[in-house]
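Residue-level listing of the chains:
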Amino acid sequence: MSIENTKNRIYYTKPSITELEIRYATDAATYGWGERCYEYIARFEQLFRQHLGVRHAIATSSGTGALHMGMAALDIGPGDEVILADINWIASAAPIIHLGAKPVLVDVLPDTWCLDPSAVEAAITPRTKAILAVHLYGNLCDMDVLAAIAQRHGLHLIEDAAEAIGSIWHGQRAGSMGVFGAFSFHGTKTITTGEGGIFVTNDDALYERVLTLSNHGRARGETRQFWPERVGYKYKMSNVQAAIGCGQMERIDELIAGKRRVFEHYQNALRQLPLRMNPEPANTTNGYWMPTIVADVGASFDREALLASFKAHNIDGRVFFWPLSSLPMFEPHPQHTTSHALSAHAINLPSYHDITNEEIGRVVACIRRILEANA
Ligand SMILES: *Cc1c(COP(=O)(O)O)cnc(C)c1O
């Protein structure tokens, strides 16, 4: 057994929880009942609205739930198509399918790993209802071009910003630009409530529709008890989760800065190697949720060897998402060459907020051995 094997395990991610979150969660568990059972939820929504600069926010039990309700409120349903990138986590596509609509997968750009706007435009049909812009690993979609396409064709532009807390496009935070935005607070994300999510929008009418949907179809002005006006959903965040979220929101600048510190340390340490990392084009800020390396085309990168090396050195490896079209429930799209190439040549790096420079050094040493051995 190598010496490094006995060293502490490096997780690919874990939350940053301090006395603050523990104090708020304890308070919610102790006193947050009865009349006070929504206090932390209301405060969490307010803190998130302020951070993002949006008019409305509804905390949910998951990011998937926020997407599902938002799309339902836009009347996306059977016969409709929603365009999204092929290379994505399935959570972005599942709500489209649950609503009876069709996810239309298109290829991504090689530098941003996000929607290729020309592929989006080519995929538009009379059935297209929306474009779902997923900001992958903190990288931003080209929101200006996508907004222009959406406007030209009368489509909704939706943002899945679950991975883009801290990312800013030309002065506007990810998630605040689309008809609505969805975020996730799963334990792996930049801020967490354990499980959880949030729906955000600047559209007053859409907000009211999602609010009704989120409460089993009960409108807030309804005076009759237990009177749903339509079949809705039950995707609510609990007060105890929101209490943890309030602590995280008070620390959000520090948590985003932590992610950026980790990325920049990797970037400096890996500078000489034949690889690219998450881009940060002019006029944008990348929240760097997940520092990711993509081996250069010429470099002979062996993903399995790197994963084995990580394992031998007690480091969690995490593969880049598979193209959704390579999964059994979707039609194959071998012509999406960028998505397929990315998946095979990339890997996410451990990036929890408190990872030490020494631990980053252990990860870098594994990458260096693989890429230099094959050079
Ligand atoms: C995590 C994630 C989701 C899903 O969020 P959950 O809270 O797990 O439902 C959706 N989209 C993207 C891009 C994600 O990374």
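Residues numbered from 1 in each chain as written. Predicted model: local features only at pLDDT ≥ 70, side-chain atom pairs only at ≥ 80, totals over all residues. Heavy atoms only, no water.

1. Things to note about the overall build of the protein
- Scanning the protein for helices and strands turns up twelve helices and 14 strands.
- For 375 residues, the compact-globule formula gives about 21 Å, and the C-alpha radius of gyration of the protein, at 21 Å, lands near that figure.
- C-alpha atoms of the protein, sized along the principal axes, occupy 70 × 55 × 40 Å.
- Of the contacts made within the protein by residues no fewer than 6 positions apart, 70% connect residues no fewer than 24 positions apart.
- Separation of charge centres in the protein, based on 33 positive and 40 negative side chains, amounts to 3 Å. (Helix = DSSP H or I, 4+ residues; strand = E, 2+ residues; numbered from the N terminus. Rg over C-alpha atoms; globule rule 2.2 N^0.38 Å. Contact = heavy atoms within 4.5 Å. Lys, Arg positive; Asp, Glu negative; His and termini not counted. Charge placed at Lys NZ, Arg CZ, Asp CG, Glu CD.)

2. As for the environment of Ser92
- Note on placement: Ser92 falls in the loop between strand S2 (81–85) and helix H4 (94–98).
- Counting along the chain gives 70 residues from Ser92 to Ala162, while the straight-line C-alpha distance between them is 9.5 Å.
- Setting aside chain neighbours within four positions, we find Ser92 in contact with Leu67, Met71, Leu84, Leu132, Val134 and Asp160.
- Separated by 2.7 Å, the side chains of Ser92 and Asp160 make a polar contact. (Polar contact = N/O pair within 3.5 Å; in protein donor to acceptor, adjacent residues only side chain to side chain.)

3. Quick look at the domain arrangement of the protein
- Taken domain by domain, the protein comprises domain 1 (3–14 + 252–373) and domain 2 (19–250).
- When each unit is reduced to the centre of its C-alpha atoms, the spacing between domain 1 and domain 2 is 26 Å.
- Listed by partner, the interface residues are 44 residues for domain 1 and 40 residues for domain 2.
- Among the residues domain 1 hides against domain 2, the three largest losses belong to Ile252, Trp289 and Phe321. Together they make up 24% of the total.
- Across the domain 1-domain 2 interface, the total number found is zero salt bridges.
- Between domain 1 and domain 2 we count 19 residue pairs in polar contact (both at pLDDT 80 or more) in total.
- Looking at the side of domain 1 that touches domain 2, the elements with two or more residues in it are helix H9 (252–269), strand S10 (275–277), strand S11 (284–285), strand S12 (292–295), strand S13 (318–319) and helix H11 (337–345). (Domains from an automatic or database assignment. Buried area = accessible area lost by both parts, 1.4 Å probe. Salt bridge = Lys/Arg side-chain N within 4 Å of Asp/Glu carboxyl O.)

4. Details of the site of the ligand
- Surveying the vicinity of the ligand reveals the residues Ser62, Gly63, Thr64, Ala91, Ser92, Val134, Asp160, Ala162, Glu163, Ser184, Lys189 and Gly196.
- Contact distances for the ligand include 2.5 Å between an oxygen atom and a side-chain N or O atom of Thr64.
- Look at the ligand: alone it shows 380 Å² of surface, and the protein chains cover 91% of it.
- A class-by-class count of the residues in the shell around the ligand yields three nonpolar, six polar and three charged. (Near = heavy atom within 4 Å. Areas by Shrake-Rupley, 256 points an atom, 1.4 Å probe, with all protein chains shown as cover. Nonpolar A, V, L, I, M, F, W, Y, C, P; charged D, E, K, R; others polar.)

5. Focus on the sheet that holds strand S4 (residues 128–134)
- What the seven strands build is an open sheet, ordered S1-S9-S8-S5-S4-S2-S3; its pairing is mixed. Each edge of the open sheet carries a strand with a single partner, namely strand S1 (56–60) and strand S3 (102–106). Neighbour-to-neighbour, the strand axes of the sheet open up by a mean angle of 25 degrees, direction not taken into account.
- In the packing of helix H3 (residues 63–73) onto the sheet, contacts are made with S1, S4, strand S5 (156–160), strand S8 (181–184) and strand S9 (197–201), and the angle to S8 comes to roughly 165 degrees. (Pairing = 2+ DSSP bridges. Axes fitted to C-alpha atoms, helices over the stretch in contact; angles between N-to-C directions.)

6. Considering the packing of aromatic side chains
- One pass over the full model with this rule turns up 14 aromatic pairs.
- Residues Trp89 and Phe321 carry aromatic rings whose centres are separated by 6.1 Å and whose planes lie at 20 degrees to one another, so their mutual orientation is stacked. Placement of the pair is Trp89 in the loop between S2 and H4 and Phe321 in the loop between S13 and H11, with a sequence separation of 232 residues.
- For Phe321, a relative accessible area of 12% puts it in the buried group.
- When the ring of Phe263 is compared with that of Tyr288, the centres are 3.5 Å apart and the planes differ by 5 degrees; the resulting orientation is stacked. Of this pair, Phe263 sits in helix H9 while Tyr288 sits in the loop between S11 and S12, and the two are 25 residues apart along the sequence. Pair check on accessibility: Phe263 and Tyr288 agree, each one buried.
- Three or more aromatic residues joined by ring pairs form one cluster here, namely Trp89, Trp113, Tyr137, Trp289, Phe320 and Phe321.
- Here the guanidinium or amino end of Arg43 rests over the ring plane of Tyr24, the centre of that ring lying 4.9 Å away.
- The ring of Trp289 carries Lys189 above its face, with NZ or CZ at 5.5 Å from the centroid. (Phe/Tyr/Trp six-rings, centres within 6.5 Å; stacked < 30°, edge-to-face > 60°. Buried < 20%, exposed > 50% of the residue type's maximum accessible area, 1.4 Å probe, protein only. Lys NZ or Arg CZ within 6 Å of the ring centre and 35° of its normal.)

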